[in-house]
Amino acid sequence: MNNLSGAAAKDVCKIRPADGALGRIRNWISSLTVSSDTECYPKGLFILTGAIIGITGVMLSYWGNPANTGFCVSCFMENIAGSLGLHGNTRMQYLRPEILGFVIGSFLMSLYKKEFRATGGSSPLLRFFVGILLIIGCAVFMGCPIKMVYKIAAGDLTAWIGLGGLAAGVFIGLKFLERGFTLGKPFEQPRANALLIPLMMVLMLGALILKPGFIALSTKGAGAQYAPLYLSLLAGLGIGALAQSTGFCITGGISRLFMWGPREFTFCPKTTGLALGIGSFFLFAFAASILTGQFSLGWHGQPSSNESHLWNFFGMLIVGFGSVLIKGCPFRQLISAGQGDTDAGAAVLGMLTGAALVQNWGLGGNAAGTPFEGQVAVLFALCALFAIGLIYRRRGETYAPEFQSGLD
Amino acid sequence: MDRLDKISGLAIVIIIISAVMLISSHVGEAVPEHDMRQKMAAADYSVVNSEMESGVNMIRNLIEANNLEKAGMLTQELIQKYPYEGEPRMMMGDIFMRRQEPLRAVPEYKEAVILNPDYLDKKTPLFQGKKLKVAVNEALEKIGKGVSENADKATIGSYKKDIYYLQRRIAGSCS
């Protein structure tokens, strides 16, 4: 597997020195930490991305978002689904500007860097389905991989079980990739297709600002806990733009460790960057949690946690497994959708559908534990992912071209 | 059929068997989650009942006057009469706290919070998070001091389960 990395690193090299004010700032930051052979993946930018996700997430919780939920793709998707009337939980209805910002930020950055490419056609319906499963897994664990890091950084020891599950899921998923799993090579699409998801987010942002009658907004419960709109939006836009530039992804980082081994953290610039980004995310979130008084080390009594550890493990296993199969975690799907990937757009719509189902069918974990329906859903999702892995394999082949540069 | 196919096939079979066992173990059982959701839904649309409100006021006065025995009896009646209302449960918890029995207060508070999550929602006038935090801390202290020496392990486990549940609810959640 090791011989993939060198070529792959060159193939996926996307970051180029840029002009303009933003480009000059980026080049300056990069010049502080980048050696000449890794200038495609400026370490400074990865560290900056991780630091911003870490600090802003903790601060958004401090300024009003639910505890340890500065950003959480699954929780926020449930809020958005509720706000659009897809479920009736009056405590979970808000058009989260962070999510809208991720997509719009990624969209704008990809336009700025001329990397907006309309692609698709790689089993979009299946990706829609896996998107549903991802949110079910996240809801059982009570958080997406990003939130998992916030939980760990805030001292929640139960979240380490989620990390174990996520890593196990990524490992299983990679075994399928290694043995010829493919959803088909994506191809160019009409540009209008790729504009649909960013446009949908812009319309939702408009709805959030104008508050028309058909949008439901919680007045109590988690949906009513939010940081000021402009701060959340700004954070979302910034992180969306940075994640588009760097390819930041938690499952992507973990997968590189399994794909190419620890040595790659030294030799592959993107792997080094992702590791630095994730490390920086954790350390800055950890420091910010302590400084804002949100750190509480312990096994019991943590926000968004319960004692159904086995189910939490499996919930995150589903997220890791599914994320590898569709080339990115829920956060990554939003970013990819913003930069023109219509397959990721299908996954985003699947995530929205999954969020509605989680609420309507009561699948998500709660403080009391994982409900029976959630347990059945976890088993169904696991079974479905294994079946997908089996069906979409080309036996006798190895990594499909679209996976040879790692996850997105 | 290679090794991955075999392992995956085996995994699918194991998962299906587990699912069948899980579902069959629940067939015919009352599903507490449904019950809980119904209760929560009832709390969302609860109508202010003047009869219950006057009962609650009377109990509050009795608690203030330290007539805990009568207050307890009246609260029990209210709990039976209004099983989907959180307020009587909250009163019962208050009575136990007055009696310096935080371990018995915690399950009552837990039930109250399940029935009406507004007790832990800072955005509603019903918010009583600080009071519940005190109850949880006192209950933990009591367990720490070994007050429950007479209690068996299962009882202590049950106390702890309720305490940790309430702790998690106080800490907050995204759902």
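Just above, that's the structure.
First, a word on scope: everything that follows refers to the structure included in this document. Computed from a prediction, not measured in an experiment: that's the story for all the values here. (Residues numbered from 1 in each chain as written. Chains lettered and ligands numbered in written order. Predicted model: local features only at pLDDT ≥ 70, side-chain atom pairs only at ≥ 80, totals over all residues.)

## Some words on the overall build of chain B
For clarity, the threshold we go by: Only DSSP runs of H or I reaching four residues or more are called helices, and only runs of E reaching two or more are called strands; each is numbered from the N terminus. Here the C-beta atoms are placed from the backbone, and a residue counts as buried if at least 20 other C-beta atoms lie within 10 Å of its own, exposed if 12 or fewer do, and partly exposed otherwise. Note on contacts: each residue gets a C-beta atom placed from the backbone, and two residues are in contact if those atoms are within 7 Å.
Looking only at helices and strands, chain B has 8 helices and 0 strands in total. The N-to-C order of helical and strand elements in chain B reads α-α-α-α-α-α-α-α. The proportion of buried residues among the 175 residues of chain B is 35%. The contacts of chain B with a sequence gap of at least 6 include a subset with a gap of at least 24, amounting to 55%.

## Some words on the overall build of chain A
Counting its secondary structure elements, chain A contains 17 helices and 2 strands. Residue burial in chain A is summarised as follows: out of 408 residues, 62% are buried. Considering only contacts in chain A between residues 6 or more positions apart, those separated by 24 or more positions represent 84%.

## Structural notes on unusual backbone geometry
All names here are of chain A. A positive phi is found at K114, a non-glycine position, where the angle reads about 60°. Secondary-structure assignment places K114 in the loop between α5 (97-112) and β1 (119-120). Since 8 C-beta atoms lie within 10 Å of it, K114 is described here as exposed. Despite not being glycine, M142 has its phi angle at roughly 70°, a positive value. One can find M142 in the loop between α6 (124-141) and α7 (145-153).

## Topic: the environment of L310 of chain A
All names here are of chain A. Considering the arrangement of structural elements, one finds L310 in helix α14 (residues 309-325). Residue classification places L310 among the partly exposed positions, given that 13 C-beta atoms sit within 10 Å. C-alpha separation for the pair L310 and T370, spaced 60 residues apart in sequence, amounts to 9.6 Å.

## Side note on the packing of α6 of chain A against helix α16 (residues 342-361) of chain A
Residues and elements named next belong to chain A. Which entries qualify depends on this criterion: Comment: axis = line fitted to C-alpha atoms, over the contacting stretch for helices; angle = value between 0 and 180 degrees taken between N-to-C directions. Should an angle fall under 35 degrees it is taken as roughly parallel, and over 145 as roughly antiparallel, whereas 65 to 115 is taken as roughly perpendicular and any remaining angle as oblique. Crossing handedness is defined as follows: a turn of the near helix away from the far one that is anticlockwise and smaller than a right angle gives a left-handed crossing, while the clockwise case is right-handed.
Across the interface, α6 lies against α16 with an axial gap of 6 Å and an inter-helix angle of 45°. Of the possible angle classes, the one that applies to α6 and α16 is oblique. The handedness of the crossing between α6 and α16 is right-handed.

## Notes on the interface of chain B and chain A
The condition that has to hold: All residues other than Ala, Val, Leu, Ile, Met, Phe, Trp, Tyr, Cys, Pro, Asp, Glu, Lys and Arg, Gly among them, are scored as polar; the first ten of these are nonpolar and the last four charged.
With 32 residues of chain B at the interface, the matching set in chain A holds 41 residues. Only α1 (3-26), α2 (32-44) and α8 (153-171) of chain B provide two or more residues apiece to the side of chain B that touches chain A. Element by element, the count of residues in the side of chain B that touches chain A is highest for α1 of chain B, at 12 residues. The residue makeup of the side of chain B that touches chain A, split by class, is 14 nonpolar, 8 polar and 10 charged.

## A closer look at the packing of helix α3 (residues 50-64) of chain B against helix α4 (residues 68-81) of chain B
All names here are of chain B. Where α3 meets α4, the axes come as close as 8 Å, and the angle between the chain directions of the two elements is 160°. The orientation of α3 with respect to α4, classified from their angle, is roughly antiparallel. Along this stretch, α3 crosses α4, giving a crossing that reads as left-handed. Residues M52, G55, M58, I59, L62 and I63 of α3 lie in contact with α4, whose contacting residues are L68, K70, A71, L74, T75 and L78.

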